[in-house]
Each structure stands twice: as C-alpha cells, then as structure tokens.
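Okay, here's what each chain looks like letter by letter:
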Amino acid sequence: MNHYFHNIKILEHQGTFNLLARGERYGQLWLLKGLKPEFAQKKLYRDLLRKEFDIAIQLHHPNIVGMVSMERIEALGSLCIVEEWIDGETLLQWLGSKHTVEEKLNVLRQLLTAIAHCHNHEVIHRDLKPSNIMITREDNQVKIIDFGLSDTNRYSSLKAAAGTINYVAPEILEKDSVATVQADIYSLGMIMKDMHLPKRFNAVIDKAVATHRNERFGSVGQLQEAIEMNGYRSWQKKWLAVAAGAALLLCLAAFWGGYKLNIRLPLGQQSSTSYQAVDYGQHRADSLALATDTTLTTIIIADKGLSLYYPKPGVAVAVSPISESDAVDLGLSVLWAPCNVGAERTMGRLMPGAFLRTMPNPFQVLNYGKDYPDSVFVRNLPSLVGTKNDVAQRLWHGRWRLPLNSDFYELIERCKWQYIVPLGDLPGYLVTGPSGNSIFLPLGGFLYSMHFFSIAERGYYWSSSLSKADINDPFECALVFDQYMVQIHTHSRLNGFLVRPVLDKKPQN
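Below is a summary of the structure that appears in this document. Worth saying up front: this structure is predicted, and the values here are computed from it rather than measured. (Residues numbered from 1 in each chain as written. Predicted model: local features only at pLDDT ≥ 70, side-chain atom pairs only at ≥ 80, totals over all residues. Heavy atoms only, no water.)

Some details on the overall build of the protein
Each helix and strand counted, the protein has 10 helices and 24 strands in total. For the protein, the proportion of contacts with a sequence separation of at least 24, taken over those separated by at least 6, is 60%. When the accessible area of the protein is evaluated, it comes to approximately 23700 Å², of which 53% is carbon and sulfur surface. (Helix = DSSP H or I, 4+ residues; strand = E, 2+ residues; numbered from the N terminus. Contact = heavy atoms within 4.5 Å. Areas by Shrake-Rupley, 256 points an atom, 1.4 Å probe, with all protein chains shown as cover.)

Below, the structure is given as structure tokens:
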C-alpha cells in the first residue's frame, strides 16, 4: 500500500506561520499542518509544532480533533502534523445561520465536555474562539481544533503569553502570567456571548468572564452545572404553568367520567396520569412484578413509543442484589454490574433503575429507604468508598461499590461505545470492552426534587469520587452522556442519578 499522500491541495485559510493542506491516503482525506517555507528551518517554530503534536496526541475525545502522526511531507517541504479531516464549518460560520436555543446548547455542552477532558489531562487550550471550533455538516458534532497555543505543566519552556483579543483572559496579558483553567473558562464565557443565548444565562456568562479569575467558576464542571441548573429553572417555571393548566384538565376529566391524560413535561418527556382506566394488573406484568403498583411511576414518551417504569419519588427502593458471580468482565481493572441498581429483575429492560442520592436532602425529607445514611455529610475525603454513603454497597452489599472516576475513565478510553436504540426500549450505549463482553447503559435521565428530567435524552450515573464536599457545597462526580458526548463532571449530591455498581477484581493466586 502507498503510504505517501497524493492529491495534496494547499488550503485557502492559512495561519501566521503554519501551512495548511489537505491530502489523500488510504482512501480518505487528512489535514496536513506544517510550517511555511520562511519558518520551516527555524528551531523555535519547529519546537512549537512538535509541542502542539505532543500535547494533542494525548487527547482522545469525540469532540476534539484526532491527531494521527507527525511526518515529513516532501511535497510541502515541511514536517507536518497529520490529523483527521473535518467536513464542516467553524462555529463562527455556524452562528451566522439561525439556530434554536436547544441547538446552541447542544453545541455548548459538547464544547464544555471536550474542554473538561483537556483540563482533566492538565492541558490548557489558551486560544478558544469560534474560529477554532468546528461543527460537522452531517450531525452537528463539535470538534475543537488548533492546539498551537495550548500548554501543560509538562513543558517548562515555550510559555509566552498567547491568545486572541476579545477571547483571551485579562491575566494572560500580564507579565509572567501562568495560564490556568480559569483562562479557558473566560474564553468559553466570551464564546457564550457570541451565541446570543437567552437572558436567563446572563448571570452564568458574567461569572465566567469576571475580570479577576478567582471570581470565575473554579472548573468547567461548575460551569456545566450552572448551565444545566439554569435550564432546569427555566423549565420549572414552564412546568408550573403547565401544572396549573393540568389541574383544570383533571377537574374536567373527573367531571366527564375519567380519562387518561398525557401531560407534556420539561425536556420532552411525558408523564402518564391515569384514572379509572388504569389496568394495574397489566402494569405489574409489564414491570415483571418488581414492586407493588403503588411503588412505580409510569413514564410515557409518546414520540419514542416508550412506556417506562421508575420507583416513585419518596417511596423506598425495592432491590434484589445481583450475585457477584453475574458481574461482567470487560477486560478492565474492575468488573461491572450487568444492570443498574433497581433494575435487577428486568436487567434494565423498560425499567432503567432507581434514582438514588448519596446524601439526604436537608430541605425536603424523602423516604428513599437505605439509599443514604442518617449521617449526611462527608468531608475531606477523596471518595465515598468505605463510607455509609456508598449507595451501591448499602443496597447490594458484599463487595459491590460505586465506580470511581478512574473506573469511568477506563470505561471511556478502553472500550468501544456504540449508541443504539433498542426496539421498544430506552436508547443508550452498548459498551464493549477489550474482552469482547458488553454492558448496556441506558439514557435514563435524572430526578430533581420530585420531577423526572432528560429521560431517553441523557444518562446520569454517580461516581464515588468527590469534588469539594461540605455542607454548603456537596458536589460529587458523575458520568453524563447523550447521543453526542460522554463526559465526567460534578453535580449536587442532592440529585437522583442512576447507579451502576462495580467489583474490584480478586487478586490472582
């Protein structure tokens, strides 16, 4: 096979000292990023190109451009970075067209999870701007490009101030400045301004672009949390209006003899409220008699043809622990449970599992059985492992525990993730490990207060790893994913998320 590139075409857009071209090899297109002739022989610029490759090759994320190799391309007379070719347009171009708020938020979520991945690998991009973000034509997938100004603690040189006016954080322009995650957060805030989001996001943007970096969000995870909670509050107001109208409908239904009403709820989910027409025997049969009819809530998602069953908020969770011998060996450092807590008898089908908290809600007492202890707060610990707040261990006993962030990262980076939509069931990811064995993670949504959200749209799974956790800031890490992205970031432990337990492998004799 010919390993050389052919049909090389110099691109119209060029960098200050970079040469950009497109080439073909192995039947597909590649981007070739090298140096212009006047810079190709200068050590400084060769070192900068090498630094960009060394940093970017460590990042493996669906929303970050993929680096392949660094090769000398004789046709261009330069050492070049070979990276994936992206068929799309820049965010700057994309924003020139009309898009809905939800489309913009989808792009923003992908962007944030990619930058969180960079920060988890101690990489600061330093040049985030709309022209360095691509949107693919086929499925609006975000791709962050151009790591030419990025930096990491692994480098002690080539650390001159860098960035683009209007997007660079103020402190970066100061003498002897050191780039931190807050520099990227400032740039993200400026990009959010360019997206012209509704006014309800103004406070989030203002905090992201605060002049003093200590006044900004401490991490991308905190920024993500603020955006999601902001969206929730907006939906909450709409829900109250819907609820008022629903109350009138219920009165009319009662007067006319009882009808089955489908009430549209936030984020596209649908709740079925049934009256005289309810067939509880069929209800129990469909849920495989997981619990009595009084413990389950029916969620109907009409546009997907789904009827799902969840434990009712405030009702004790009925579980039957999975045997440790049923754990799935994906070929990783831990064994994974075949289903979520609360879905033991259905193995996840039509009942994704129970939404669990890892601490009580001090503002609203709910009876969630043994999903948390009476002693509420965990301080100065890196994780919940070994504590009574590990809900996986409390409910399934034995050696079962909540996954750590390291377990989730291994699952993300070493396994194949295939998005599937099973007939008549929740969409989700079939995750196949190096061993060839698989587990299925459904997009089961989450519980906030007494309401269900994002069912069939996103999956939220608790990690045992903690962020700064105290009485006023009880945050815990979680695996969050949808059709377009997989990420780990922090959430309030008062939320109800799904739980997929793991087992540590026993030492070999």
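Having seen the structure, we can now continue with the description.
Some remarks on empty space enclosed by the protein
Counted under the stated rule, the structure contains 2 cavities of 30 Å³ or more. Surrounding the largest cavity, L108, R109, L112, Q224, I227, E228, R458, Q487 and H489 form its lining. Among the elements of the structure, helix 4 (101-120), helix 7 (220-256) and strand 23 (486-492) are those that each provide at least two residues to the lining of the largest cavity. Here the residues of the lining of the largest cavity sort into 3 nonpolar, 3 polar and 3 charged. Roughly 30 Å³ of internal volume is contained in the second largest cavity. Every residue lining the second largest cavity is listed: R126, Y167, V168, A169, I172, A183 and S187. Split by residue class, the lining of the second largest cavity holds 5 nonpolar, 1 polar and 1 charged. (1 Å grid on protein atoms, 1.4 Å probe; cavity = no way out; pocket = protein on both sides within 12 Å on 5 of 7 lines; lining within 4 Å. Points joined across faces, edges and corners; volume = space filled by probe spheres on them. Nonpolar A, V, L, I, M, F, W, Y, C, P; charged D, E, K, R; others polar.)

Digging into the sheet that holds strand 4 (residues 67-73)
Spatial strand order, 1-2-3-5-4: 5 strands in an open sheet with antiparallel pairing. Taken across any chain shown, the strands that pair with only one partner, and hence form the sheet edges, are strand 1 (6-10) and strand 4. Looking at each pair of strands side by side, their axes are set apart by 30 degrees on average, direction ignored. Looking at chain direction, strand 3 (residues 28-35) and strand 5 (residues 78-84) are connected through 4 bridges and run antiparallel. Residue pairing in the sheet places L31 in a bridge with E83 of strand 5. Sheet contacts for helix 2 (residues 43-56): strand 2 (18-25), strand 3, strand 4 and strand 5; angle to strand 4, the most-contacted strand, approximately 155 degrees. (Pairing = 2+ DSSP bridges. Axes fitted to C-alpha atoms, helices over the stretch in contact; angles between N-to-C directions.)

Here's the deal with the layout of surface pockets
The method is simple in principle: a probe with the dimensions of a water molecule rolls over the atoms, and the space it marks as empty is what remains. Quantified by volume, the largest pocket comes out at close to 1300 Å³. In terms of lining residues, the largest pocket is bounded by 48 residues, among which H13, L20, N132, I145 and D146 are the most central. If you list the elements that add at least two residues to the lining of the largest pocket, you get strand 2, strand 3, helix 2, strand 5 and strand 6 (88-90). When residues in the lining of the largest pocket are grouped by element, the largest group, 6 residues, is from helix 2.

Examining the packing of helix 4 against helix 5 (residues 181-194)
The interhelical angle for the contact between helix 4 and helix 5, taken along N-to-C directions, is 170 degrees, at an axis separation of 11 Å. On the basis of the axis angle, helix 4 is roughly antiparallel to helix 5. Along the contact surface, helix 4 presents L108, L111, L112, I115 and H119, while helix 5 presents V181, D184, L188, I191 and M192. For the contact of helix 4 with helix 5, the residue count by class is 8 nonpolar, 1 polar and 1 charged. (Parallel < 35°, antiparallel > 145°, perpendicular 65-115°, else oblique.)

What about the pattern of salt bridges?
Counted according to the given criterion, the structure contains 17 salt bridges. For the salt bridge of E52 with K33, the shortest nitrogen-to-oxygen distance reads 2.8 Å. Placement of E52 in helix 2 and of K33 in strand 3 is noted, with a sequence separation of 19 residues between them. The two residues E52 and K33 agree in class, both being buried. In this structure, R216 engages E171 in a salt bridge whose closest nitrogen and oxygen atoms are separated by 2.8 Å. With a gap of 45 residues between them, R216 in the loop between helix 6 (202-208) and helix 7 and E171 in the loop between strand 10 (151-152) and helix 5 connect regions that are remote in the sequence. (Salt bridge = Lys/Arg side-chain N within 4 Å of Asp/Glu carboxyl O. Buried < 20%, exposed > 50% of the residue type's maximum accessible area, 1.4 Å probe, protein only.)

What to know about the sheet that holds strand 6
Here we have 3 strands laid out as an open sheet, ordered 6-8-9, and antiparallel in their pairing. Because the sheet does not close on itself, it has two edges, and the strands there are strand 6 and strand 9 (142-144). Strand-to-strand, the axes of this sheet are offset by a mean angle of 30 degrees, without reference to chain direction. Of the strand pairs in this sheet, strand 8 (residues 133-136) and strand 9 are connected by 3 bridges, and their pairing is antiparallel.

Examining helix 2
With 14 residues, helix 2 extends 20 Å between its outermost C-alpha atoms, agreeing within 8% with the 20 Å of an ideal straight helix rising 1.5 Å per residue. Among the residues making up helix 2, those that are buried are L48, L49, K51, E52, F53, I55 and A56. Against strand 2, strand 3, strand 4, strand 5, strand 7 (123-124) and strand 10 lie the buried residues of helix 2. (Expected span 1.5 Å × (residues − 1).)

Here we look at the pairing of strand 8
Alternating residues of strand 8 divide into I133 and I135 and M134 and T136, and every residue in both groups is buried. The pairing of strand 6 with strand 8 spans 3 bridges and is antiparallel. Within strand 8, the position partnered with T90 by the bridge is M134. With antiparallel pairing between neighbouring strands as the criterion, strand 8 and strand 9 make up a hairpin whose turn holds 5 residues, including N140 at a positive phi of roughly 55 degrees.

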